[in-house]
Every structure is written in structure tokens, then in C-alpha cells.
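Read off the chains here:
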Amino acid sequence: MSAPLSVTRPSAGRLAGGAGLLVLAVVLAALATAGTPALPLVSRALVVAGVTAVAACAAALVALRHGGNSPAYLVVGVVWGVGAVCAGLAGEARLGPFPLDHLALAAGEAGAVLVLLRLLVRARAGSDDPPLLVDALMLASALATALWDLSSRAGNAGPPGWAATTVLVLVVTSVLSCSAIALAVEQPRLRVPAVALVVHGCAVALCALVATELPVLAAPAALLALAAGTCGLVLLPRDGVVRHGGEAAERAARRLEVASLVPGPVLLVDIVALVVSPRADPVLFGLYLSVLVTFTVRHAATARSIDRTTARLRFQALHDSLTGLGNRTALERALTRPDRAQSLVLMELVGLDDVNDVLGVTVGDALIRAAAQEVTAVADGLGGSAYRTSGDEIAVLLPGDPAWCLRHAETLVAAVAAAPARVEGAGRFPLTATAGIAACPLEHDAGRGGGRGHGHGGGRDVLEPFVHADIALRDARHLGAGSTSVYSGTVAAEHARRSALRERLVHAVRDGDVDVHFQPVVSFTTGRVEKFEALARWEDPVLGRIPPVEFVAVAEESNLVVALGEHVLRTAVRCAYEAGVFSVGVALAVNVSVVQLQSPGFADIVRDVLEQHRIAPDLLTLELTESVFLDSDSPAERVVTELAALGCRIAIDDFGTGYSAFGYLGRLPVHVLKIDRSLTRSLTEDVNGQSVVTCVVDLATRLGLTVVVEGVETRAQADVCRFIGAPLGQGWLYSPAVPRALLGEQLSRTYPVPQRTASRHHPGD
């Protein structure tokens, strides 16, 4: 509801309008006193009420603050005032057989009725519920019928013209009163103005009914109509009715359902009275007919509302709310009993997380919508249909076999890549997709493969193509963004192995079956072991020996990498401590993943391990990949800074691959640079490669970093490393990773160092 009424400075236009209304009030008063100096009591009351109403509207227009609906309310007041004055001046005058006073009273109420009906329509604008207007008319028809019957039985009767105008007044005032009731039911905060308007309507109806027989009662009824109408118009919201939503709308609907039951008992009582005391009254039967019509309209509106709600719920059940594409349920229906050969392409959007993190979820949602539109356009052109099956997955059902779909997969991926250009601000973020393709068997093939699941089509799981496409999608992820994989026996076998690895790895991490081996890091100048790198090794009793690159990838996919990394860290430090590695000043290096750094409490775990074995922090090196440092404000980088402040040494592993750059070395606490084995191989094979490694070593040395050359396998590579000034090397030339039992032997071992001076090696030397 709008703010309480308050005085405001009037504008010139409002001053002119107020003056005009005041002149109208004076003219009406002059007509009343000049034309008929001896008006009856009822007429005088009506004239006084009407003139007062017009004068009050003039004062309100000039002095009070207004809202959007205020002009309409002022018009209502003026119309009612003029109608009341006309009714008072009409006396016994008639328009043909119809009394003019009744016609004037009915016309005066027309403005209020129109305003209330307008508020009722707006109260449920855009809603699937039946309009309030229908309920108000249904209740009004029942009320008007009962009032006419009650009035007739009380002895109020007259010629046909009087009966017609009386019914008109009863109908108008009933619509007014019932509209106010319906508005109060929908908006409980409007109960007070609604009660005032109901009283106003009843007072006008009473004045019309008893003006001739009981003028003593009709006169105060006219003044009561003035007071109640003024109160109702003042308290109605001047800025309109706000439509309810959520629980408030549900409560309003329940209240209205209860209110809609009121007309039934009213009519039932009236029908009982008619049965007990029957009478022939054409007007009453006409009103009964109007009741039937309004009840029919109300139930038709309810049925239509139910149909709209059902259609909306059906659409919501089968469509994604963000993109408008079919959802997973719709896809399941499409896969049930297919009548043609088709294939399912399941695409995962790659790059969406960057947009959400930098530009926010709103832009990310807009990007998803744009991608969905691009994919839908391509799918429609290929005779297929698109579905959104999860947050970053879009499925496309295409006619044809997987081989045909594979030829068009590039077009679908290109459609996804074109989406950022359609979203403001997202153009600088690349978006692509990874896709998996699977065939959808026809209905007559359903019984051949047996089946699992919920049994559509001969026992076949209708979502089996979706499962196969998801397996192919996982295979495509290993190939990189923009890749596509087709489900096959080989892909299924690889997925089965990864699933078995995942299941066995859970038990291995829980039971501590993942072992740690140690590879020495040797000084090129002294041949002594300066450090050990801890490397995870796993030999499963069922699956046999699993390469680290395989089970670490599975651990990262299944969120086991945090638990695996903590196990390797604690085991490596404990074994090195027990072998006396730290007591002789030899350091230990442990690999740490980005996921570990981003997990809560990782720095506390490192601190706890150091305190448990009382190890100097600088004897523990944490090896990280360069991806940690791509975002200058990432949580992982803050944890690295915390670990360095603790005293641990930070190493960059596999330098020379991926995003290798020196930009972050100056801003971050990096102590060790490990040159990747791919650069090590180029030392004796490519003169340019040797130059690159030399530059890296020189620059790292100038920055105060220790360089470790990985993958040293030949004596020639070691000679070149010594010549270019690299201090430490690691590789099979010295030793592979050894189990914990051989740590003591490695500590006491000194590897041979050639006595001759090394020279630069060139390919072919």
C-alpha cells in the first residue's frame, strides 16, 4: 500500500482542477436550494452527501499527495457526488417507467465498480489462477438474488419500472460490495477499506429500497454511504495492488476457495424459502438464471486455469528452465521405442568455469543459453534435437549411425565455440566442447542385449545410449578439449578398467597399500646424493602393478587425490626419517597436486608432519606444477606462500612444458626449478635444445634458484649438464626409484664423476 496521505504543495494544474470541482460543488448546491426549496428529508440528505463528496474531492486534489491511482479515485468520488445530488433533485421524476433517483444512484456507483474491477484484474495479472473478477461476480449474483427476494418478501414492491431500477441498484451495489470482499480475500491488508466499501454499497442499496416507505432510515443511510465511501477511497492503495507470489499467493488462493463456497449456502437458504413459501416472481427467476450463468463461467474459468497450470507443469517437467531445451526426462522419452536409427552425442562444455569465476554466474548462464541456441540451430539442420542433461552437458539426438554423427561432431563443437561472441563480455573467454557418441539401438534390437534398468522396450534400459555416450565422453576428456570419442568395445574396456582401478584405489588408500619409492637427486660435481624424490608406487593383488600416471589420473578424476597425496607425504617423511635421511642433511621432495593445495588445511598437515618428526622445514621440498601459478590470486598460490613462510622449499616440476614462463618466478617464493626430461633429451640431440637449457640454467642461477635436471640417462647428458653449470641431476643414469629398504645404501653411495673437462656436445658427436 502506498504511504499515508500527507499535505503537499499543489501545482498550477491541480489548483485549477480543484477550483473547477469547487465551482461544480457550488453549482450543485445552488441548484438544490434554488430549484426546490422544500426537498424531502431523503433528498436533502442525498444532496448534502453529494455536494460534500464533490467538495472533498476538490480539497483532496489541491492539498494531498497523490499516487498513480489517485485521479481515478477522485473521479469516482465526483461521479458518486453528482449522482447523489441528481438522485436527491429527481424526487418522484421518472424516465419513462423508471425512477430517476434509482438510475442516478446506480450511475453514481458505476465509477467505484469499474475501479474495483480494475484492481481485481491486476491483482492476478499473469497468474494461472482463476481471475478474481469471476469470483466477485459469482458472489454478487447470489447476493443480489437473495437481497431482492428478501426485499420482496418484506413488502417492498412497485410497478415494473421501479422493480427494474431497484434490481439495477441491487446488482450494482452487490458487485461493488463483493468486489471489495474478493479484494480483501486476496489482499488481507485491504480489509479496512474493503469493509468501508461494503458498508457504502449496503447503505446505497438501503437508501434506494426504503427511500419512499422509510425516509427516516434512508436519510442517515445516504450520509453513511458518504462517510464509508470516503473512508474506502482514502484507504485504498493509491499506487495500485501488488500481485502476490510464492506462499502468499498460495494462501490467497486457499482463502478464495473458502470464500467461493459462500454463495452456495446463501442460494440454498433462498431456495428453501422459495420452496416453503413459493411465489411467482419473474425478476427472481431472472436473477436465478444470472446465478447459473456466473457459476458456469466460474467453473469454466477454473477448468481453464487447471488446464493452463497442467500445461505449464508438463512443460517444466520436460524442459530445462534456463535454456528451454528438453531435459533428461524428455531425452528418456525420446529414447523410448525409437522408430529410426539414431545416435546420441553428449557434449560437455569446457571453459565455462572460467567465465563463472571471473564474470559471475549470470554471464555464465547467458553463455549456456547462447551455446544451447547455437547447438539447437545445428541440430535442427541435421534433423535432430537438443537436450540439456546437466549444468554443463548438452545432448544431441541425431538420425544416423555414430560414424555419420562423428563427421558432424566438429560442426557441433564449432557451434559451442561461437557462443561467447553472442554474450557481452564473454568474447575473450574461449569455450569449446568435448563429445562422446553412442548408437541408439532400435526397438527390435532391444531383446538381443538382455538389459538392465527400468524396463522400457523388452527389458532394455532406455538410458543405455546415454550411459554409453557418457563413457565415450570420459574417454574424450583424456584426449583434450575439442576431442570426440565414439563408444566401442575398446572404450568400454578402458572404462571398465578405470572403474576397477577407482574401486581398488579407494581400498588401497584407506588401507595404506600404496607404497613410496625414492629416487636420488645427485650432484653433478661431487656425485653425492643431495636429495630424494618420493614417488608413489602401487601393486594391487588383483590388478597387478599399476603405473603411477594411470592411478594418479584415476585419483584426480574420483577426488581421491587429496587422501592419496596426504598418505604419500606422511609415508615418505616417516620412511626417510626412519632411514636417517634428515639426520645427515639430505632433503626430501614430495609431489603436491593443485587439488591438494586447494583443499582446506593442507598447510596444517605439512606443519603437523614436520612437528611430528622434528624435521627442519628446509629439508622438505614440495614439488608443484606450473598450473598452480596461472592465477595470481588463487587460493592455491596463497597456500604456497604460507608453506614457504613455514620454511619449506618450493620446486617447479617439469619446467619446459605447458605454460613455462619466468614471469611468476619473481613474485613467488620458488626455490628449485626442475627441467623436464623432454629438454634433457635435447641436450645431446639438438644444438638449439642445448642452448635453451643453457639459457634456463643461467637465468635460474641469476634468480637464485637451484636447478635439477630430470631424466638424465646417459653419461653424455651428465657431462653437458656439468659444463653448463647445472648443479643437480636425477635419472636412470644414477638410479631408478628404490624401495624404502634401500634408502640407507643410497645415502652412503657416491656416484662416479668424470675427471675430464666436458665440452659442448653437438648432434652427431
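Residues numbered from 1 in each chain as written. Predicted model: local features only at pLDDT ≥ 70, side-chain atom pairs only at ≥ 80, totals over all residues. Heavy atoms only, no water.

Caption draft 1: Region of the structure containing the overall build of the protein chain. Helix and strand counts for the protein chain stand at 26 helices and 16 strands. Every one of the 765 residues in the protein chain was classed for burial, and the buried ones make up 48%. Across the protein chain, every contact between residues at least 6 apart in sequence was considered, and the portion connecting residues at least 24 apart equals 73%. Total accessible area on the protein chain is roughly 35,000 Å²; 61% of this is exposed by carbon and sulfur atoms. (Helix = DSSP H or I, 4+ residues; strand = E, 2+ residues; numbered from the N terminus. Buried < 20%, exposed > 50% of the residue type's maximum accessible area, 1.4 Å probe, protein only. Contact = heavy atoms within 4.5 Å. Areas by Shrake-Rupley, 256 points an atom, 1.4 Å probe, with all protein chains shown as cover.)

Caption draft 2: How the structure looks around the pairing of strand 12 (residues 620-624). By the criterion of burial, strand 12 is predominantly enclosed, with 5 of the 5 residues buried. By the alternation rule, side chains of strand 12 split into Leu 620, Leu 622 and Leu 624 and Thr 621 and Glu 623, which are all buried. Here strand 11 (residues 587-591) pairs with strand 12 via 4 bridges, running parallel. Bridge pairing in strand 12 places Ala 589 opposite Thr 621. Where strand 12 and strand 13 (residues 649-655) come together, 4 bridges link them in parallel fashion. Note that in strand 13 the partner of Leu 622 across the bridge is Ile 650. (Pairing = 2+ DSSP bridges.)

Caption draft 3: Representation of the environment of Gly 391 within the structure. Mapped onto the elements, Gly 391 comes out in the loop between strand 4 (385-390) and strand 5 (393-399). Classification of Gly 391 by relative accessible area gives partly exposed; the value is 43%. Through-space distance from the C-alpha of Gly 391 to that of Asp 365 is 9.5 Å; in sequence the pair is 26 residues apart.

Caption draft 4: The arrangement of the pattern of salt bridges in detail. For the structure on display, the rule yields 17 salt bridges. Of the charged contacts in the structure, one is a salt bridge between Arg 497 and Glu 550, with a shortest N-O distance of 2.7 Å. With Arg 497 in helix 17 (residues 489-511) and Glu 550 in helix 18 (residues 548-557), this residue pair connects regions lying 53 residues apart in the sequence. Residue classification places Arg 497 among the partly exposed positions, given a relative accessible area of 33%. For Arg 740, the salt bridge goes to Asp 515, with nearest N and O atoms at 2.7 Å. Taken together, the residues Arg 740 in the loop between strand 16 (728-730) and helix 26 (743-747) and Asp 515 in strand 8 (residues 515-523) connect sequence positions 225 residues apart. What makes Arg 740 partly exposed here is its relative accessible area of 36%. (Salt bridge = Lys/Arg side-chain N within 4 Å of Asp/Glu carboxyl O.)

Caption draft 5: A look at the sheet that holds strand 7 (residues 484-486). The mixed open sheet is built from 5 strands, whose spatial order is 4-5-3-6-7. Each having just a single partner strand, strand 4 and strand 7 make up the two edges of the open sheet. Between one strand axis and the next, the sheet turns by 20° as a mean value, whatever way the strands run. (Axes fitted to C-alpha atoms, helices over the stretch in contact; angles between N-to-C directions.)

Caption draft 6: Local environment of the nonpolar core. One finds Phe 518, Phe 532, Leu 588, Leu 597 and Leu 643 to be the most contacted residues of the largest nonpolar core, which totals 79 residues. Sort the elements by how many residues they give to this core and helix 19 (residues 561-578) lands first, with 8 residues. Leu 643 has contacts with Leu 597, Phe 602, Ala 603, Val 606, Leu 622, Cys 648 and Ile 650, leaving out every residue within four places of it along the chain. In this structure, Val 115, Val 175, Leu 226 and Tyr 288 belong to the second largest nonpolar core, which totals 65 residues. (Core = buried A, V, L, I, M, F, W, Y, C linked by side-chain atoms within 4.5 Å.)

Caption draft 7: Looking closely at unusual backbone geometry. The phi dihedral of Arg 614 falls on the positive side, at around 55°, and the residue is not glycine. The exposed category is assigned to Arg 614, whose relative accessible area is 81%. Despite not being glycine, Asp 654 shows a phi value in the positive range, around 55°. As for its position among the elements, Asp 654 is in strand 13.

Caption draft 8: Broad picture of the packing of helix 4 (residues 100-123) against helix 6 (residues 160-186). Helix 6 packs onto helix 4 with a crossing angle of 25° between their chain directions and a minimal axis gap of 9 Å. Taken as axis vectors, helix 4 and helix 6 run roughly parallel relative to one another. Between helix 4 and helix 6 lies a crossing of left-handed hand. Taken together, the residues of the contact of helix 4 with helix 6 break down into 18 nonpolar, 5 polar and 2 charged. (Parallel < 35°, antiparallel > 145°, perpendicular 65-115°, else oblique. Left-handed = near helix turned anticlockwise from the far one by under 90°. Nonpolar A, V, L, I, M, F, W, Y, C, P; charged D, E, K, R; others polar.)

Caption draft 9: Up close: the packing of helix 7 (residues 191-210) against helix 8 (residues 215-235). Their axes nearest at 7 Å, the elements helix 7 and helix 8 cross at an angle of 155°. Relative to helix 8, the element helix 7 is oriented roughly antiparallel. The way helix 7 lies across helix 8 gives a crossing that is left-handed. Residues Val 192, Pro 193, Ala 196, Leu 197, Val 199, His 200, Ala 203, Val 204, Leu 206, Cys 207 and Val 210 of helix 7 form the contact with helix 8, whose participating residues are Pro 215, Leu 217, Ala 218, Ala 221, Ala 222, Leu 224, Ala 225, Ala 228, Gly 229, Cys 231, Gly 232 and Leu 235. Split by residue class, the contact of helix 7 with helix 8 holds 20 nonpolar, 3 polar and no charged.

Caption draft 10: Highlighting helix 25 (residues 715-724). Within the span of helix 25, buried status applies to Gln 717, Ala 718, Asp 719, Val 720, Cys 721 and Ile 724. Residues of helix 25 that are buried sit in contact with helix 23 (677-681), helix 24 (687-702) and strand 15 (706-710).

Caption draft 11: Here's a closer look at the environment of Thr 296. Among the structural elements, Thr 296 can be located in helix 11 (residues 282-318). By relative accessible area, Thr 296 is classed as exposed at 53%. Residues Thr 296 and Met 138, 158 residues apart in the sequence, show an inter-C-alpha distance of 9.2 Å.

Caption draft 12: Representation of the packing of aromatic side chains within the structure. Considering all chains together, one arrives at 2 aromatic pairs under this definition. Seen in terms of ring centroids, Trp 538 and Phe 551 are 5.8 Å apart; in terms of plane orientation they differ by 90°. Their pairing is edge-to-face. Of the two residues, Trp 538 sits in strand 9 (residues 529-540) while Phe 551 sits in helix 18, which places them 13 residues apart along the sequence. Residue classification places Trp 538 among the buried positions, given a relative accessible area of 2%. A residue is classified by how much of its surface remains accessible, and Phe 551, at 0% relative accessible area, is buried. (Phe/Tyr/Trp six-rings, centres within 6.5 Å; stacked < 30°, edge-to-face > 60°.)

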